[in-house]
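Structural overview
Residue strings, one per chain:
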Amino acid sequence: MALAMLLPGFACAPALPAESPPPPVSAELNDQILEDTGGATVEDARAFFKAVDRELRELIGETERVMWVKNTYITHDTEILEARANEQVMEYSARRIKEARRFEGLDLPEDLARQLYLLRYSAGLPAPDDAEKRSELASLASKMDGLYGKGSYCSPKLKGHALPAGKNKANDDGCRSLMELSKIIAESRDYDLLKEAWEGWHSIARPMRPMYQRFVELANAGSRELGFEDLGQIWKGRYDLPSEEFVAEMDRLFVQVKPLYEQLHCYMRSRLSARYGADKVPATGPMPAHVLGNMWAQEWTNLYKEVEPFPGKGQPDLTKQMVKKGYDHIQMVKLAEGFFTSLGMKPLPQTFWERSLFLKPADRDVVCHASAWDVGMSGDLRIKMCIKVDYEDLVTIHHELGHNYYFMYYHDQPTLFQQGANDGFHEGIGDTLALSVTPAYLKEVGLIDAVQTSPEADINLLMSRALEGIAFLPFGKMIDQWRWDVFSGKVPPEKYNEHWWKLRREFQGLVPPSPRGEAEFDPGAKYHIPGNVPYIRYYIARILQYQFLRALCRTAGHQGPLHQCSIYGNKAAGEKMMAMLKLGASKPWPEALAAISGETKMDATAIIDYYAPLMTWLKEKNQGQQCGW
Ligand code: X8Z
Ligand code: ZN
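Residues numbered from 1 in each chain as written. Chains lettered and ligands numbered in written order. Predicted model: local features only at pLDDT ≥ 70, side-chain atom pairs only at ≥ 80, totals over all residues. Heavy atoms only, no water.

**Some words on the environment of Leu562**
Just so we agree on the cut-off: Numbering of helices and strands starts at the N terminus; helices are DSSP runs of H or I of at least 4 residues and strands are runs of E of at least 2. Exposure categories follow from relative accessible area, calculated using a 1.4 Å probe and restricted to protein chains: below 20% of the type maximum is buried, above 50% is exposed, and the middle band is partly exposed. In what follows, a contact means two residues having at least one pair of non-hydrogen atoms within 4.5 Å.
Among the secondary structure elements, Leu562 is positioned in the loop between α21 (536-555) and α22 (571-583). Residue Leu562 is classed as buried on the basis of its relative accessible area, which comes to 14%. Between the C-alpha atoms of Leu562 and Ala612, which are 50 residues apart in sequence, the distance is 10.0 Å. Leaving out residues up to four positions away in the same chain, Leu562 has contacts with Tyr546, Leu549, Arg550, Cys553, Ala606 and Tyr610.

**Topic: the packing of aromatic side chains**
This is how it is decided: Any pair of Phe, Tyr and Trp rings, taking the six-membered ring for Trp, is counted once the centres come within 6.5 Å. Such a pair is stacked with planes under 30 degrees apart, edge-to-face with planes over 60 apart, and tilted for the rest. Either the NZ atom of lysine or the CZ atom of arginine qualifies as a charge over a ring when it sits within 6 Å of the ring centre and within 35 degrees of the ring normal.
The final tally for this structure, using the stated rule, is 45 aromatic pairs. Ring plane angle 65° and centroid distance 5.7 Å describe the contact between Trp482 and Tyr496, whose orientation is recorded as edge-to-face. With a gap of 14 residues between them, Trp482 in helix α19 (residues 472-488) and Tyr496 in helix α20 (residues 496-508) connect regions that are remote in the sequence. Classification of Trp482 as buried rests on a relative accessible area of 0%. Judged by its relative accessible area of 2%, Tyr496 falls in the buried class. Counting every residue linked through ring pairs, the aromatic cluster contains Tyr212, Phe215, Trp482, Tyr496, Trp500 and Phe521. The ring of Trp353 carries the charged tip of Lys334 above its face, separated from the ring centre by 3.9 Å.

**Description of the pattern of salt bridges**
Close approach of charged atoms allows side chains of opposite charge to pair. For clarity, the threshold we go by: Just to be clear on terms, a salt bridge is a Lys or Arg side-chain nitrogen sitting within 4 Å of an Asp or Glu carboxyl oxygen.
Tallied over the full model, the rule gives 46 salt bridges. Its salt-bridge partner being Arg46, residue Asp111 comes within 3.1 Å of it at the nearest N-O pair. Linking Asp111 in helix α4 (residues 110-120) with Arg46 in helix α2 (residues 42-72), this pair joins segments that are 65 residues apart in sequence. On the accessibility criterion, Arg46 (41% relative accessible area) is partly exposed. Through salt bridges with shared partners, one network takes in Arg206, Arg516, Glu520 and Asp522.

**Structural notes on the packing of helix α16 (residues 423-435) against α21**
Definition in use: Orientation is described by axes fitted as lines to C-alpha atoms, over the contacting stretch for helices, and by angles from 0 to 180 degrees between their N-to-C directions. The cut-offs work like this: below 35 degrees is roughly parallel, past 145 is roughly antiparallel, 65 to 115 is roughly perpendicular, and the gaps in between are oblique. Note: crossing handedness is left-handed where the near helix turns anticlockwise from the far helix by less than a right angle, and right-handed where it turns clockwise. Residue polarity is assigned by list, with Asp, Glu, Lys and Arg as charged and Ala, Val, Leu, Ile, Met, Phe, Trp, Tyr, Cys and Pro as nonpolar; anything else, Gly included, falls into the polar class.
Where α16 contacts α21, the axes come no closer than 7 Å and their chain directions differ by 50°. Accordingly, the angle class assigned to the pair α16 and α21 is oblique. With respect to the hand of their crossing, α16 and α21 are arranged in right-handed fashion. Of α21, the residues touching α16 (which contributes Asp423, Gly424, Phe425, Glu427, Gly428, Ile429, Asp431, Thr432 and Leu435) are Arg537, Tyr538, Ile540, Ala541, Arg542, Leu544, Gln545, Tyr546, Phe548, Leu549 and Leu552. Residue classes in the contact of α16 with α21 are distributed as 11 nonpolar, 4 polar and 5 charged.

**Quick look at empty space enclosed by the protein**
Heads up, the condition is: Lining residues are defined by having an atom within 4 Å of a point belonging to a cavity or pocket. Those points lie on a 1 Å grid over the protein atoms alone, cavities being sets where a 1.4 Å probe fits but cannot get out and pockets being open sets with protein on both sides within 12 Å along at least five of seven lines. Grid points are joined across faces, edges and corners, and a volume is the space filled by probe spheres set on the points.
Tallied over the full model, the rule gives 5 cavities of 30 Å³ or more. By volume, the second largest cavity is sized at about 70 Å³. Tyr391, Val395, Ala434, Leu435, Arg465, Glu468, Gly469, Arg542, Gln545, Tyr546 and Tyr611 are the residues that line the second largest cavity. Those elements that place two or more of their residues in the lining of the second largest cavity are α15 (391-409), α16, α18 (455-469) and α21. The residue makeup of the lining of the second largest cavity, split by class, is 6 nonpolar, 2 polar and 3 charged.

**Observations concerning unusual backbone geometry**
One non-glycine residue, Met377, lies in positive phi territory at about 50°. Along the chain, Met377 falls in the loop between β5 (371-375) and β6 (380-384). Residues other than glycine seldom take positive phi values, yet Asn532 does so here, at roughly 55°. Note that Asn532 resides in the loop between β7 (510-511) and α21.

**A closer look at helix α13 (residues 329-342)**
The α-helix advances 3.6 residues per turn, and as a result positions three or four apart in sequence lie on the same side. For clarity, the cut-off: Helix span is expected to be 1.5 Å times the residue number reduced by one. The term polar contact refers here to a pair of N or O atoms within 3.5 Å; inside protein, the definition further demands a hydrogen-donor-capable atom paired with an acceptor-capable atom, and it admits residues adjacent in sequence only when both atoms are side-chain atoms.
Its 14 residues give α13 an end-to-end C-alpha distance of 20 Å, which sits within 8% of 20 Å, the value for a rise of 1.5 Å per residue. Among the residues of α13, those classed as buried are His329, Met332, Val333, Leu335, Ala336, Glu337, Phe339, Phe340 and Ser342. Sitting at the amino-terminal end of α13 is Asp328, which places a side-chain oxygen 3.2 Å from the backbone nitrogen of Ile330. Just downstream of α13 lies Gly344, where phi reads positive at about 100°.

Here it is as structure tokens:
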């Protein structure tokens, strides 16, 4: 994916904003509200937004078609076509945002005030007015995204490991894409091979460093032209709160959940220290980032079997089960769709099955990073993914369909409202359902034959979830911490990598496998940096998903611990969810949250309650350890 701007039909892409209606822009901008309406009236504003609605739909429709082609067929030409299409959107967006400022001093009705706010914060990658600079920015964005998508690392040391499709021993050139390098990171327990795969993938980002530096300069220049200090101010202003209050909210939630992460980190460190030796994974301090089973150590699910609290108790190995039952990618997507329809939602359209990209093509480069689409905002729903038959991807499929169902249900809203209540809501829908993939549900759909219930099985289930949901939290928070610091100029280019690792150490308690200098550009090895997709949304989603689950389980009349609840098949829960989805961004997010839960604040108590039994268990296990780093 590429540029960041007005692309509501493309989730996992730069999305749009949100804010409370009466004050049309967030508080720090109130001082800057243009009082001079130049004689504009409420009627002018209505006509303006009517035109914007129509134009956006057309422009985005065209752009998305081009982006789809580039994402599913990366070539020199498709990169250029994408950059051109994005240039047009950038030009349009900046012009309309500036024009709309004349309505800021008016007393607008709620729907118009909301659209004004959403438009103002909609530019995820604003370009300067200068046509040459705009073209340069669009081209940089497209190229960085392409570099990531095409990324491949070649080394004789990789020969024989994680062979790509179509390769065998005889024609193995030792070249590996992210998919194969990730397979090594997930499956190998050979410390040096893991290091090779990790360093290899990170090396693909080196050429992005000068590009990213320039990208930041240009995007900041564009942001200033729109009246913002830097790009981070736009990104942080989209949450119906003044940006400093939003940041304080994120910090408040982190204080609540940090003890959970520390306990998990402590337990993993002692297990990994025992496996690799204290010379490689010391029993105190941070852990090396390449031994957690995931390229970015953002989720540790692939180590579940290694660290299972009660071996063999109740927690089915879903990857094995899917393979055993002969599941293919289509059956996986059907299974996830079945969850949504069980809640009373509509089936996906026939065109979804015809037009989606489900598998990595053997003959061309594609952006494998999963995304969900509503091409042209016309109900042309698709996903683009390189599906593997495993549990990780089953969860990601639920995640992506969550986006598609949001598209489906807010479809009748005006264009500017066709986005999540905030972007964290959009990311959290499918994840909420994935939490309901309990053993009881799996038996119901025939993926496992029997359910074992016992306190040990419960702890195992919670551990498997925590490796995903708890391990992720500090990562989810630090990515945009880094970007906000880069965008604001607090971190200059000569400290890009140093700052990255400072934050990774501080938040995740991780260090790189070997010293990383400023010749490297490690942030670029994570999709959302070259793809320019804001990241704090995933952190929000990881907290909201438990809050959503708690509310829906209440509606479903669930009794007992939250982790045993599955909302599968519950129409009342489905109604609540649909009520929220239909709102899109038409109301500030607290109202959307109230529609599903009756609550109006983000709240980490649901995630804390969910994991309470595991925390008790971990604390006991970690006794005598010096936790923290
Ligand atoms: O990027 C994604 C989705 C697409 S919106 C696959 N996720 C984040 C990531 O992969 O880093 C989902 C979880 C976090
Ligand atoms: Zn997503």
